[in-house]
Amino acid sequence: MSANFAYANPAYARPLRYEPSRDANGQHDPQQGAARSRPTRVEIVTTRAQRNARPKLAYSVVTIVSLFVIFAAQLLLSIVVSDGAYQLSGLQVQQKELLRTEQALLEQLQVLGSTQHLAANAAHLGMVPGSNPLYLDLATGAVSSAPGTADPLGCGGGCSMVANSLLNGVPLVDAASVAAQTAAVAPSSAQPAAVQAPAAQSVPSANPDVLPAPLTN
Amino acid sequence: MNTRRARLRISGMVLVVFFMVTVFVVRLVDIQIVRADELNAQSLEKRAQELVTYGVRGEIVDAHGAVLADSVERYDITVSPRASLARENAMGVIADGLARIAAVTQQNPDDLMAVILADPESDFEYLTQGVTLDTFRAVDALNIPWVYFELRNGRSYPNGEVAGNLVGFIGTDGPQAGVEYTEDACLASTDGVSVYEKGEDGVRIPGSEATTREPTNGGTLRLTIDRDLQWWVQQRMEQAAQQLGATWATAVVIRVSDGNLMAVTDYPTVDPNNVNDAAREALGSVAFTTPYEPGSTIKVLTAASLLDAGVVSQDSQIFAPYSVEFPGAGVISNAFYGPERLTLAGSLVESSNTATAGFSELLAPEARHDYLAGFGFGEYTEVGFNGESSGTLYPASEWDRRTNYTVQFGQGMTATSVQMASAYQTLANGGVRMPVTLVEGCEWPDGTVTEVPPTEGTRVVSEAAARQTVEMMEMVATSSGSAPNLQIPGYRVAVKSGTAEVAEAGGYADNKVVLSYAGMAPAEDPLYAVVVTAGVNDRVFSGRIASTFRDVMAQTLTTFRVPPSTTPSPNLPLTW
């Protein structure tokens, strides 16, 4: 450590940094001249190289500012991430609720699509099951087999002997309301139906999107 | 003097500093190393929230994917009586709250009040259990602070009683019956656990989630059953059972080519959504679990065995009067007086016990036993249904002289309806018995399918013997007394009836019979075999369920769009 310092030799009595002050005229102050004659104290001074190597203010400013910038950035990032956490949490809750709704609706759909419900509705709309398989031979156009008695179970298809407790209180469809709903949902198909209605009362389906069913006896 | 004091002071300070540092180091080591785990755990406990993530139990679906059993979310509404009663003006607030809850859950508010007052110190009582999402949301919206909710996994069976006998149900202790029980390895899910740290307001601290265990969902269990056919047959059998006053009735529809069960119905049966209302005997599947002496439906199997052994032909002749005394076996008699000079075909049409017993003498008991065993009697089917019975077929060495004959017309042995269906499937399939299949497979979310059933068939009788037997069964459909009730226009049907006596302690009951009809269609190339059976506490004959068989068979042909027969039925000589 001591090697880093230069020693001013008192014997020379002329310290490196000690410049006698002069007055404006360049005359030596006699008082100071008198002081010079006294032995001066030993003083530690730095070399020029060391003076040049000394950190400059700019460096410290840059460092401190960057530190602040880093802290600020980290803080902002942290705020953004936490904000995202709330957003994520909110969306997850929403997703969970929507999944629950989907599940509940799916469950409802399955119950409404149960065989019992469909059969009961078909019977309610006046459909009856046939007793024999009928086969239309496309090559000859012949219908094989005989029609047999409709409704072999004798209850119009609505026997409801196979219980389903989930259907308790589930209403059957009402033909009139279904027709009204269909018309409301598909106004484009309702229009041609209205046009054709007076002319073709017996056409079973006036909906152009549906293949017309042949009239059978 | 001055320097000495200074030195002393410095030494003292150094000592103090050293002591302090030592204390801190010891403390630091203690906290950071010695008690680190414990402290970490403690602190995590304060922030950590453990969350059980539920796996979903797999669905049970029919052959076409229609859902027979599904997992659903249900909610329990619970209450803390202590918290509720601690409020100001408690009774008024509670009565008001309960009235609003009761309006949603359609309960009696007084009942709910009784729940709270039953144990005022309790922190947990159920107000109602297993409500649906709509109810839960409605009650949740009431914002009553002393009411809490719990999620629970429920099971829903959208088709009610349809295949309820096969699907089974889940009780409070897990799966109880049917494939819910036997195929639990496929359906069961495992719950997972995920841990995350939460802030003061309960929001998850970002990046803190650690899943300790992933939940796994169960697989989808696909049955071979056709839901709509099952429903139709179930309804028809219930109607028949009520008309007959039957105590039980079963029907089995089996696909001939692969032994897949298309419908297996039981009367009475259970609505898995509402198990409590079902009788105990209705909880399983009688068709699998309860064997009976099948009676005359076995005769066609005897005929096929004898034909395969080459000891008879379709027109083999026998003199078969109403009753015959067989040496050492006592008198065997028929149900009716009828023609006595019968061919083998005629013996089936007349369902003659004496003729069948007489023909049986042509083949050694061991060989006849092996044929019956080959048809699947005395063995569990490949289904392995919960509580399944193998029926009884004693070894030929244990047959007494009488059983030696009676076993060939289905007394002195027992079989389940499914075993009967399998035997008829064998005849219909040209003599090759296919493994009986109820479960088509277990489909996992990653697309793999496990529990794939066996498909290897075994030949029991020759193709010719099977074909000739089916031809003779056609004669039953065209020429027997019940023929008018067996016609399906356009289709050739092969069939055999059975009116079996029911064994009771020491003999046969006077007033109990098992009626059955079994057969296949179309007879020229059978695609489906059907067995209908009913246990009746009355002295009636099988003709009473001939039309039931016909309707079930007709519906089967309709459901699977079987093309009509194009060739006429054979006309075999029945008498000589």
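Look up: the structure comes first, before these words.
On a predicted model such as this, the values are computed, not experimentally measured, just so you know.

Participant: Honestly, the overall build of chain B in this entry has me stumped. Any pointers?
Facilitator: Scanning chain B for helices and strands turns up 19 helices and 23 strands. Rg of the C-alpha trace for chain B: 36 Å, well past the compact-globule value of 25 Å for 576 residues, more than 25% over. Seen along its three principal axes, the alpha-carbon backbone of chain B occupies a region of about 150 × 60 × 50 Å. Taking all 576 residues of chain B together, the buried fraction comes to 46%. When contacts within chain B are restricted to residue pairs at least 6 apart in sequence, long-range pairs at least 24 apart make up 73% of them.

Participant: Would you explain the overall build of chain A in this entry?
Facilitator: If you tally the helices and strands in chain A, you get six helices and four strands. Its helices and strands in sequence order give chain A the pattern β-α-β-α-α-α-β-β-α-α, from N to C terminus. Looking at chain A as a whole, 10% of its 217 residues qualify as buried. Contacts in chain A between residues at least 24 apart in sequence constitute 46% of all its contacts with a sequence separation of at least 6.

Participant: What exactly am I supposed to notice about unusual backbone geometry here?
Facilitator: Excluding glycine, a negative phi dihedral is what most residues carry, and trans is how most peptide bonds are arranged. Residue and element names in this part refer to chain B. Between Tyr267 and the following residue, Pro268, the backbone shows a cis peptide bond with an omega angle of -5°. Mapping Pro268 onto the fold places it in the loop between β12 (261–267) and α11 (286–289). That bond from Ala521 to Pro522 is cis: its omega, -15°, falls within 30 degrees of zero. As for its placement among the helices and strands, Pro522 is situated in the loop between β22 (507–521) and β23 (528–536).

Participant: Even after reading the chapter, I still don't get the environment of Val418(B), so can you show me in this structure?
Facilitator: Residue and element names in this part refer to chain B. Position of Val418 among the secondary structure elements: in helix α17 (residues 417–428). On the basis of neighbour count, Val418 is assigned to the buried category, with 28 C-beta atoms found within 10 Å. In sequence terms Val418 and Arg236 are 182 residues apart; their C-alpha atoms lie 18 Å from each other. Setting aside residues up to four positions removed in sequence, Val418 forms contacts with Val252, Val264, Ala287, Phe288, Thr381 and Val436.

Conventions adopted
Residues numbered from 1 in each chain as written. Chains lettered and ligands numbered in written order. Predicted model: local features only at pLDDT ≥ 70, side-chain atom pairs only at ≥ 80, totals over all residues. Helix = DSSP H or I, 4+ residues; strand = E, 2+ residues; numbered from the N terminus. Rg over C-alpha atoms; globule rule 2.2 N^0.38 Å. Buried ≥ 20, exposed ≤ 12 C-beta atoms within 10 Å, placed from the backbone. Contact = placed C-beta atoms within 7 Å.

None of this, on its own, says anything about what the molecule does.
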